[in-house]
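Tertiary structure, described
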Amino acid sequence: VTVGDFLAAWNARFYIKGVPAFYFPYARIPVKRERQSGLLQPGIGYSGLRGAALKNSFFWAISDNTDATFYLDAESKRGVGEGVEYRYIRTRKSFGELFFYHYSETDIDRVRAYREDVNNLSRPENASNERWQLVYDHTEIFGNGIKLQAKLNFISDDEYLIDFARAGEDRTLESIENNISLSKSWNAFTLVGQLRYFNNLIEPGDRTTLQRMPEITFSNSDKRILNTPLHISSESSFVYFLRKEGVTGQRLDVKPRLSVPMSPGGFDITPSVAPRATFYQIDNEPGVGYKDRYTYEISVNAATTFVRVFNPDEPGAQPFRHIIRPRLTYTYMPEVKQDDLPQFDSVDNIVS
């Protein structure tokens, strides 16, 4: 072993609970204290769709607070892809990363024919031979509880993630959200303003896809009212719904909650009542205009806690604690007429 260089091993064995699980005639492993630029381990493979495939990547340690990875992928039957991933930390409160990948298909129709028996989630076939993805993620934390976040994800076509998803679960996404948010936090209050744009991967053209631009939410956690036994919390939101086809408009939803926490005999019991008012201004339906809905919710929450501390006999073992907290909640909401409301999301169809 040469610290700062490499570890070299001959006839190496890897044991799991005393049982040899892997054998390496020769292994060479970096033992470096600092990040170092260089080629990463390549990926080699073969498939009927891609042919012989070689995936190359190069890591560049630009500085103490920035680095980048460059990608070059060659597939004999399909095409060539190249990309870059750049990461930066400007300060402890300002950081992010940028990813771009481009792939040149030899024949997109051949790719579709190869996977035509795979469940395609009925996605539109709008890909060309030139395919790409651009992802940008940035966080900026200002003073006084102010935080700015941007999470942007753009793709060339609705089929892109089926073929090039970086995470397996992304292959089944039905939409991609692009979000820019600005939030302000106080001791018990939070105000968040967002611009939320959705790319629907199932619907061509996104003509009926609802965009929430802007969406403003205001909430406060449970807070005691002066020296009374009453506590108050709230969840309120304003959303401007936009889309090319279909009902559009504005919605204001206000839901304060009054509660009286009690602790009789080792139980935590919290009865509460939450009046709720929802107001709509419909933009593109003549004669509709203003709508509203008023309702309320009564609930009782009961919980208790079981705790036990264990002290293992094994030398050097630390005590640990198990906590079990069962909870029972009863909620009542009256039936309310809401079939004449626009159906933007679940807020417009409360199940009583």
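Right above here is the structure, for reference.
To start, this report covers the structure provided alongside it. What you see is a predicted model; the values in this text were computed from it and never measured.

1. A look at the overall build of the protein chain
The helix and strand tally for the protein chain stands at two helices and 20 strands. Its C-alpha radius of gyration of 28 Å places the protein chain more than 25% over the 20 Å reference for a compact globule of 352 residues. When the backbone C-alpha atoms are referred to their principal axes, the protein chain occupies close to 75 × 70 × 45 Å. Residue pairs at least 24 apart in sequence account for 49% of intrachain contacts in the protein chain once pairs closer than 6 positions are excluded.

2. Structural notes on the environment of Glu130
Here Glu130 is to be found in strand β9 (residues 130–141). Taking the C-alpha atoms as reference points, Glu130 and Arg207, separated by 77 residues in sequence, lie 24 Å from one another. Excluding residues within four positions of it along the chain, Glu130 makes contact with His102, Tyr103, Ser104 and Ser156. A polar contact of 3.0 Å, which involves the side chain of Glu130, links it to the side chain of Ser104.

3. Let's talk about the pairing of strand β10 (residues 146–155)
Sheet topology note: the β9/β10 ladder contains nine bridges and is antiparallel. If you follow Gln133 over to β10, its bridge partner there is Ile155. Hairpin connection between β9 and β10: a loop of four residues separates the two successive antiparallel strands, and Asn144 in this loop has a positive phi of roughly 60 degrees. Relative to strand β11 (residues 175–185), β10 runs antiparallel, the two sharing six bridges. Within the sheet, the bridge partner assigned to Ala150 lies in β11 and is Ile180.

4. Thoughts on the environment of Asp206
Inspection of the secondary structure assignment puts Asp206 in the loop between β12 (189–200) and β13 (211–224). With relative accessibility at 11%, the residue Asp206 sits in the buried group. Between the alpha carbons of Asp206 and Lys244 there is a distance of 7.9 Å; along the sequence they are 38 residues apart.

5. Some thoughts on the packing of aromatic side chains
The full count for this structure, using the stated rule, is 14 aromatic pairs. For the pair Phe241 and Phe344, a centre-to-centre distance of 4.2 Å together with 15 degrees between the ring planes defines the contact as stacked. Taken together, the positions of Phe241 in strand β14 (residues 231–242) and Phe344 in the segment after β20 (327–332) put the pair 103 residues apart, joining distant regions of the chain. As far as the burial class goes, Phe241 and Phe344 line up, both buried. Ring geometry for Tyr296 versus Tyr332: centroids 6.4 Å apart, planes at 50 degrees, classification tilted. One end of the pair, Tyr296, is in strand β17 (residues 290–304); the other, Tyr332, is in strand β20, with 36 residues separating them in the sequence. Residue class for Tyr296 comes out partly exposed when judged on its relative accessible area of 35%. Aromatic ring contacts, followed pair by pair, group Tyr71, Phe99, Tyr101, Tyr103, Tyr160 and Phe164 into a single cluster. Across from the ring centre of Phe99, 3.8 Å away, lies the NZ or CZ of Arg166, which sits over that ring.

The rules we used
Residues numbered from 1 in each chain as written. Predicted model: local features only at pLDDT ≥ 70, side-chain atom pairs only at ≥ 80, totals over all residues. Heavy atoms only, no water. Helix = DSSP H or I, 4+ residues; strand = E, 2+ residues; numbered from the N terminus. Rg over C-alpha atoms; globule rule 2.2 N^0.38 Å. Contact = heavy atoms within 4.5 Å. Polar contact = N/O pair within 3.5 Å; in protein donor to acceptor, adjacent residues only side chain to side chain. Pairing = 2+ DSSP bridges. Buried < 20%, exposed > 50% of the residue type's maximum accessible area, 1.4 Å probe, protein only. Phe/Tyr/Trp six-rings, centres within 6.5 Å; stacked < 30°, edge-to-face > 60°. Lys NZ or Arg CZ within 6 Å of the ring centre and 35° of its normal.

By themselves, these are just geometric observations and shouldn't be taken as functional.
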